[in-house]
Amino acid sequence: MLNHHRSLLSTTPSLADVPINYTHVCDHTRFANQGMEMKEFGYCDSSLSFEDRAKDLVDRMTLDIEKVQQLGIKQSHWCAKNRAYLIMSGGPRHSMVSPMSAQVVSAEARAMYNLGRAGLTYWSPNINVVIRDPRWGRITETPGEDPFVVGTYASNYVKGLQDVEGAGETKDLNSRPLKVSTCCKHYAAYDVDAWLGIDRYHYDARVTEQDIYVKFPLKCVLKMVIYIVSDCDSIQVMVDNHKWLGDTKEDVVAQVLFKGRQAYHTWLDLDCGAYYPDSLQSAVMQGEVAETEIDKSLKYLYVVLMRLGFFDGSPFKSLGKDHVCSHEHI
């Protein structure tokens, strides 16, 4: 399944030409076939923390060929959307959603990944709080109107999707293995559709502090998110549609990667689009963003992949087509 992340192999150039017929990156046979010792590569040392391994991997990368290319969604195949309509029944019952419901979703997601039909990072759940306007077109994806209910639902759903049975509890959440990776969405000012000539691609969103805290349950963000990703083409919309500050492409990628981190403690690690791959290198060359800021985001992303078993292998290799739409799941 490594074809989904082939660009990752370019960190060791001579490995890039090896046929992709291994199930994980740190396979002894894969290195031996190229006359290499896997123990010489820190990112394959399972005795180290995921953070240390990710640092070793990123430190081996070059800026122009590898780093900026990894931050674009087309290279990494990070997006898989699961809306789980079957358990979206509305009202307070959402807070009672059992993690078992999400475990069914994650089991089938893993099976589809093993079949080469899906990735392992899911843009789910949708935890936007409905603003009591049934005209919003995506209302069927959301848990309801109450922020507490939405937050409780999100917590149950994320745990069910991500937790690996038998992995145990640990205070360091970044060290826990993941069955699949979730991504709570959408942050703010997303629930506006075309209305009287106004749409979300052009209108001037003035988001209040109350909107941030009420419409997006932050406990999902603060405890469970390791990386932040945009919706597709969001950076392009800022430049081409919003005309945000009249910035150039280099200005914008620097703003969302670094200056937001510096000023607002929020940033964008992964671009669902081409702006990061196309413009980050020139932004670095122009002095608008430091290469170390790119490194930070890459480390977040690779820690997720390591927790998913992409480097060391997974206990879910046996899942396949018999586990998709099975009698037990239906």
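Residues numbered from 1 in each chain as written. Predicted model: local features only at pLDDT ≥ 70, side-chain atom pairs only at ≥ 80, totals over all residues. Heavy atoms only, no water.

## A closer look at helix H2 (residues 50–59)
Point 1. All buried positions along H2 are accounted for by Phe50, Arg53, Ala54, Leu57 and Val58. Each buried residue of H2 sits inside an arc of 130 degrees when the element is viewed along its axis, so together they form one side. (Buried < 20%, exposed > 50% of the residue type's maximum accessible area, 1.4 Å probe, protein only. Helix = DSSP H or I, 4+ residues; strand = E, 2+ residues; numbered from the N terminus. Arc of directions from axis to C-beta.)

## Observations concerning the packing of aromatic side chains
Point 1. Tallying each qualifying case throughout the model produces seven aromatic pairs.
Point 2. Ring geometry for Phe31 versus Phe41: centroids 5.1 Å apart, planes at 50 degrees, classification tilted. Here the residue Phe31 occupies a position in helix H1 (residues 28–32), and Phe41 occupies one in the loop between H1 and H2, the gap between them amounting to 10 residues. Comparing Phe31 with Phe41, the two get one shared label, buried.
Point 3. Connected via pairs of aromatic rings, a cluster forms that spans Phe31, Phe41, Tyr43, Tyr302, Phe310 and Phe311.
Point 4. Between the NZ or CZ atom of Arg30 and the centre of the ring of Phe31, over which it lies, the distance is 5.2 Å. (Phe/Tyr/Trp six-rings, centres within 6.5 Å; stacked < 30°, edge-to-face > 60°. Lys NZ or Arg CZ within 6 Å of the ring centre and 35° of its normal.)

## Here's the deal with the state of the cysteines
Point 1. On inspection of all chains with the given rule, the structure shows two disulfides.
Point 2. Through a disulfide, Cys26 is tied to Cys44; the S-S separation comes to 2.1 Å. Note on the Cys26 and Cys44 pair: the S-S dihedral is about -85 degrees, so by sign convention the disulfide is left-handed. Taken together, the residues span a long stretch of sequence, with Cys26 in the segment before H1 and Cys44 in the loop between H1 and H2 at a distance of 18 residues. A single burial state applies to Cys26 and to Cys44, both of which are buried. (Disulfide = S-S within 2.5 Å.)

## Let's talk about the environment of Phe148
Point 1. Residue placement: Phe148 occurs in helix H6 (residues 147–162).
Point 2. Since its relative accessible area comes to 62%, Phe148 is described here as exposed.
Point 3. Once the C-alpha coordinates of Phe148 and Val129 are considered, the two residues, 19 residues apart in sequence, prove to be 9.8 Å apart.

## Things to note about the pattern of salt bridges
Point 1. Per the stated rule, a full pass over the model turns up seven salt bridges.
Point 2. Here Lys55 makes a salt bridge to Asp59, at a shortest N to O gap of 2.7 Å. With Lys55 and Asp59 both in helix H2, this residue pair falls four residues apart, about one helical turn.
Point 3. Judged by its relative accessible area of 40%, Lys55 falls in the partly exposed class.
Point 4. With a relative accessible area of 45%, Asp59 lands in the partly exposed category.
Point 5. The partner of Asp56 in a salt bridge is Arg60, with the nearest N and O atoms 2.9 Å apart.
Point 6. Since its relative accessible area comes to 31%, Arg60 is described here as partly exposed.
Point 7. Where salt bridges share partners, they join Lys67, Glu291 and Asp295 into one cluster. (Salt bridge = Lys/Arg side-chain N within 4 Å of Asp/Glu carboxyl O.)

Everything listed here is a matter of geometry and, on its own, says nothing about what the molecule does.
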